[in-house]
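Here is how the chains run, residue by residue.
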Amino acid sequence: MTFPLPLNDVVFAVAKILFSILGVGLSIAGFLGWVERKQSAVMQDRIGANRASIFGFTVLGLFHPIADAIKLLTKEDFVPKGARKPLHGLAPIISLGCGMFCLAALPYGGVVDYAGRAWDLTPIALPMGVPLVLAALAFGVHGIVMAGYASGSNYGLLGAMRGAAQMIAYEVCLASALAGLLFVYGTLDFTEAVRWQVSHGVWGIFLQPLAFIIFLTAGTAVTKRVPFDLPEGESEIVGYHVEYSGMKFGMFMMTDFFESIVICGVITALFLGGWSIPFVDFPSLAGRSGLWGLWPVAAGALMVGSSVGKILLMLFLLMQVRWTLPRFRFDQVLDLGWKHLLPLALINFLVTVWVVYLWR
Amino acid sequence: MAITVRTVKRPERTFATELYLVEIVKGLGLTFRHLFVNLYRHSKRALGLKGLPGSVTVQYPDDPAVLGKRARTRHRLLKRDDGAPRCTACLLCETICPAKCIRITAENAPDVTVEKRAKTFDIDLGMCIFCGYCVEACPVDAIHMDANEVELSSYNRKDMIWNMPELLGDVPKTPSRP
Ligand code: SF4
Ligand code: SF4
């Protein structure tokens, strides 16, 4: 039996994708459920979830995500009578799948030379990475609209419509905020963008602070969490997943967390210098001798650790924002998107283009 | 005392508030301060040091409930100095009760100055809305809501009805088990 590709390439590619989806995605998403509860509790002078215990040990409530997962997995998967069954089942898969793809397209590290070949630490390295991730994020809304339509409930449909309208409000800003930055970088590839930041010694956030704020705002809207939780409206109205239960609902929940991770990953790669650490020169670090020749592996691990660490920091900030701000009203979101963020993003782009033009 | 008028200044909408960003940063500052102060207090306590608690939570079923001094809790019927119930069965409380959960039957009292007294006095706490109107209505101060008891739940509706000896405190309430 012969493989069209070298076997170790295939294994490495699968390992990378599994790491990004399971290692980064699922574990952080599960962890985020705990962080969300505890962080909100501590900042509101409460204790937070602390009852789930194994043999009497509660460990600061860290077992609650496990309890949640068991509950969601064992709950009845109820499909209402008027639902369009195939679509009802397909919707969460689309939402989650888009999130998973985005996770796998993020750059977790550069290229390290080890054992006589170059290992690219980006799971799915694409020359068109940035637009593809943005497109996949936007495509996730199809899952929401499908869920609302397929559940055969007016409330679900209303939530879905709100989701679609919100998407229209922020999606344009999301892409146009990045336009100026990508123009400076001269690439649509995440890895290249990080390399540009490393070689020029400056992070994107210092080049384009306005774009950072716009992207952060629009990115919060992507994740459908407070202050932009119009499609869900956890506290009083009911959202697009009102007719979902069990693991299908869990998949929608996870999509929210996945999208948060993706947004933070994109911010990390384009604004915060990706895997780079100030004053650490990775190529020379990997080229060192000693440590039984494992320096390249150590450098690779440090790269991945650095980018995941930056993602976690951004998530912490987003979490804090989520528990600080009240929700925007429906018209306010559209106003914010179309009347404020979009013109700002476009002006930012025009100014950037002019400055770059005059500079050269 | 003359009426004092206090003019509350409306918050002005300046450019900074309209921009919203400054306010977000202020809000984040507040929540971050709470987060880190509480984290510091929690970790200090976890290390066994004294200090302020990091949360205001009362772990209720484990720790006793903290009731306010003026908490309105379960009803209690009061007695006169000679030990007879104060209630004169005037039915004012039964009449005013919006939930219609008081049932009183009257009888002649041996004491001629009192004339009437309650033979039975039942309150269905499962229907009571704890409005306190009965206490307000009583002309002889016979009913209070200061038993400081909030754990009233029972396994069936019949057990939610408290009769006169129980309300007087002569007989302890023994709810049936399922
Ligand atoms: S507290 Fe209100 S509802 Fe309850 S018995 Fe008294 S009058 Fe009726
Ligand atoms: S109002 Fe007072 S005196 Fe009259 S029936 Fe009620 S408890 Fe008795």
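Parameters and conventions
Residues numbered from 1 in each chain as written. Chains lettered and ligands numbered in written order. Predicted model: local features only at pLDDT ≥ 70, side-chain atom pairs only at ≥ 80, totals over all residues. Heavy atoms only, no water. Helix = DSSP H or I, 4+ residues; strand = E, 2+ residues; numbered from the N terminus. Buried < 20%, exposed > 50% of the residue type's maximum accessible area, 1.4 Å probe, protein only. Near = heavy atom within 4 Å. Nonpolar A, V, L, I, M, F, W, Y, C, P; charged D, E, K, R; others polar. Core = buried A, V, L, I, M, F, W, Y, C linked by side-chain atoms within 4.5 Å. Contact = heavy atoms within 4.5 Å. Salt bridge = Lys/Arg side-chain N within 4 Å of Asp/Glu carboxyl O.

(A) Looking closely at unusual backbone geometry. In this model, A:K224 sits at a positive phi of 55°, which is unusual for a non-glycine residue. We note that B:L91 has phi near 70°; this positive angle belongs to a residue other than glycine. As for its position among the elements, B:L91 is in the loop between β1 (76–77) and α3 (92–96). B:L91 sits in the partly exposed class, given a relative accessible area of 29%.

(B) A look at the site of ligand 1. The environment of ligand 1 is formed by 14 residues, the closest being B:C97, B:C128, B:C131, B:G132 and B:C134. Residue composition of the shell around ligand 1, by class: 12 nonpolar, two polar and no charged.

(C) Up close: the nonpolar core. In terms of nonpolar packing, the biggest core is built from 82 residues, with A:F215, A:I267, A:L270 and A:F271 touching the most fellow members. With 12 residues, the top contributor of residues to this core is helix α9 (residues 246–270) of chain A. What A:L270 contacts, discounting residues up to four positions off in sequence, is A:V130, A:L178, A:L181, A:L182, A:Y185, A:F190, A:A193, A:Q197 and A:G204. One finds B:I104, B:F121, B:I123 and B:W162 within the second-largest nonpolar core, a separate group that totals 24 residues.

(D) Layout of the pattern of salt bridges. All names here are of chain A. A full pass over the atoms with the stated rule returns 19 salt bridges over all chains. In this structure, K224 and E259 form a salt bridge, with 2.9 Å as the shortest nitrogen-oxygen distance. Here E259 lies in helix α9 and K224 lies in the loop between α8 (209–222) and α9, a separation of 35 residues in the sequence. Accessibility assignment for this pair places K224 and E259 in one class, buried. Note that R329 is salt-bridged to D331, the shortest N-O span being 2.9 Å.

(E) Layout of the site of ligand 2. The environment of ligand 2 is made up of B:C87, B:T88, B:A89, B:C90, B:L91, B:L92, B:C93, B:I104, B:F121, B:C138, B:P139 and B:V140. Here the shell around ligand 2 is composed, by residue class, of 11 nonpolar, one polar and no charged.

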